[in-house]
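# Structure assessment
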Amino acid sequence: MPPRHLVPRLLVVTLAAALLAGCQTFGTEGLVASSAPQEISGPAASAIAGDMVSRLAEHVRPGAGTILLKPDGSPFGGALEASLKTWGYAVVSDQKAEGEKLIPLAYVIGGYDGQVLARLSTGSLDLGRAYTATAAGATPTSPLSVMQRG
């Protein structure tokens, strides 16, 4: 077992590796295809989406463009779209938003070692975090991971 001071670092490295392991690209933006398991409860999906969108707003302000989101039909996809709209983002699901700057947004939700790993990606930003999810909601269990690309 690693020394106690290495556990947070090990968790962050594990989170990053797990989020990158399932990458599948779509389109020319090089983003991952959005995916989330159906078994995440509605309250957990809403809690994770709300937290991730609040962190997205720190980097991509509402009004900077129209979010292009192609949800996968999972509870998380619906919760993410609702949370984006609550935060003031314009959201479309096809590329026919005329006269607007489109910001493609993809997500990946996966499980690892009893936790839920969440990632939001744009063409220039990846946000990732681990959560403990229950039927009643979700609580962050790791710091936010932020990766900005040129």
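Report follows, based on the coordinates. Keep in mind it's a predicted model, so treat the numbers as computed, not measured. (Residues numbered from 1 in each chain as written. Predicted model: local features only at pLDDT ≥ 70, side-chain atom pairs only at ≥ 80, totals over all residues. Heavy atoms only, no water.)

## Re the environment of Val53
Along the chain, Val53 falls in helix α2 (residues 42-56). Sequence spacing of Val53 and Thr86 is 33 residues, and the spatial spacing of their C-alpha atoms is 9.6 Å. If sequence neighbours within four positions are ignored, Val53 has contacts with Leu80, Ser83, Leu84, Trp87, Tyr89 and Leu120. (Helix = DSSP H or I, 4+ residues; strand = E, 2+ residues; numbered from the N terminus. Contact = heavy atoms within 4.5 Å.)

## Some thoughts on the environment of Ala45
Of note, Ala45 is situated in helix α2. On the basis of relative accessibility, which here comes to 1%, the residue Ala45 falls in the buried class. Sequence spacing of Ala45 and Ala136 is 91 residues, and the spatial spacing of their C-alpha atoms is 9.9 Å. Discounting chain neighbours no more than four positions away, the residues touching Ala45 are Ile40, Pro75, Phe76 and Ala79. (Buried < 20%, exposed > 50% of the residue type's maximum accessible area, 1.4 Å probe, protein only.)

## Description of the environment of Ala135
Residue placement: Ala135 occurs in the loop between β7 (125-134) and β8 (137-140). A C-alpha to C-alpha distance of 6.7 Å links Ala135 and Pro43, two positions 92 residues apart in sequence. Not counting residues within four places of it along the chain, the set of residues in contact with Ala135 comprises Ser41 and Pro43.

## Some details on the nonpolar core
Core analysis: the largest hydrophobic core is formed by 31 residues, its most contacted members being Leu56, Phe76, Leu80, Leu84 and Tyr89. For this core, the secondary structure elements donating two or more residues are α2, β3 (66-69), α3 (75-86), β5 (102-112), β6 (115-121) and β7. Here the element with the most residues in this core is α2; it accounts for seven residues. If near-sequence neighbours (up to four positions away) are discounted, Tyr89 is found in contact with Val53, Leu56, Ala57, Val60, Arg61, Pro62, Ile67 and Leu84. (Core = buried A, V, L, I, M, F, W, Y, C linked by side-chain atoms within 4.5 Å.)

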